[in-house]
Amino acid sequence: MTRAHASNPAPDILTLMAAYEGAPDDPAVCPIRDVLDRVAQKWTLLLMIQLSTGPKRFSALQRQVGDISKRMLTQSLRDLERDGLVSREVFPTKPPSVEYALTDLGRSSLEPIAVLTQWADNNHDRIRQARVAFDG
């Protein structure tokens, strides 16, 4: 293994993805694509980050995320619940109140999310400069 390969995980990721017949075209066959399709959705990481501090009600999530519509917030939370990353608890109040929280599986995603958000923060200026250069 060369020094360049040792510091670049992309070849290992490609090898892992190629191990699944039909990859990367079929998310039903490739677990990497199947999971990353959810994680890469626009609101997923923002919701996971907000829930990292503890359970939240629907209205609190909508305020904290900001420009997400009620319909999109509902759909995103359902998708995260379906994948086992978020739990939904309904309280028998009038009107009923609902609280969302990360599951153990959801909490296990916080470390890689933290690495990605740190990378985004560290490289934001460079990315913006590249955009300006490209658009100019």
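See the structure printed just above.
These figures come from a predicted structure and were not determined experimentally. (Residues numbered from 1 in each chain as written. Predicted model: local features only at pLDDT ≥ 70, side-chain atom pairs only at ≥ 80, totals over all residues. Heavy atoms only, no water.)

Draft legend 1. Structural view of the pairing of strand β3 (residues 97-102). Most of β3 sits inside the fold, with five of its six residues counted as buried. The sheet contact formed by strand β1 (residues 56-57) and β3 spans two bridges and is antiparallel. In the strand pairing of β3, Lys56 is matched with Tyr100. Across six bridges, strand β2 (residues 86-91) lies against β3 in antiparallel orientation. Residue Glu89 lies in a different strand from β3, and its bridge partner there is Glu99. (Buried < 20%, exposed > 50% of the residue type's maximum accessible area, 1.4 Å probe, protein only. Helix = DSSP H or I, 4+ residues; strand = E, 2+ residues; numbered from the N terminus. Pairing = 2+ DSSP bridges.)

Draft legend 2. Spotlight on the nonpolar core. Leu47, Met48, Leu61, Val86 and Tyr100 are the most contacted members of the largest nonpolar core, which has 16 residues in total. Put simply, the parts of the chain that give this core at least two residues each are α4 (44-51), α5 (58-65), α6 (70-82) and β3. Excluding residues that lie within four positions of it along the chain, Met48 makes contacts with Leu80, Leu85, Val86, Leu102, Gly106, Ser109, Leu110 and Ile113. (Core = buried A, V, L, I, M, F, W, Y, C linked by side-chain atoms within 4.5 Å. Contact = heavy atoms within 4.5 Å.)

Draft legend 3. Expanded view of the sheet that holds β3. Pairing is antiparallel across the open sheet formed by three strands, whose spatial order is β1-β3-β2. In the strand order of this sheet, the two ends are held by β1 and β2, each with one partner. Contacts between α4 and the sheet are confined to β1, β2 and β3, with β3 contributing the most and set at about 95° to the helix. (Axes fitted to C-alpha atoms, helices over the stretch in contact; angles between N-to-C directions.)

Draft legend 4. Just the pattern of salt bridges, in detail. As enumerated under the stated definition, the model contains three salt bridges in all. Here Asp79 makes a salt bridge to Arg38, at a shortest N to O gap of 3.5 Å. With Asp79 in helix α6 and Arg38 in helix α3 (residues 31-39), this pair connects stretches of sequence that are 41 residues apart. The same class applies to Asp79 as to Arg38, namely buried. Salt-bridge contacts for Asp104 lead to Arg107; the nearest nitrogen and oxygen are separated by 2.3 Å. Taken as a pair, Asp104 and Arg107 lie in helix α7 (residues 104-108) at a separation of three residues, close to a single helical turn. (Salt bridge = Lys/Arg side-chain N within 4 Å of Asp/Glu carboxyl O.)

Nothing here speaks to function; it is geometry throughout.
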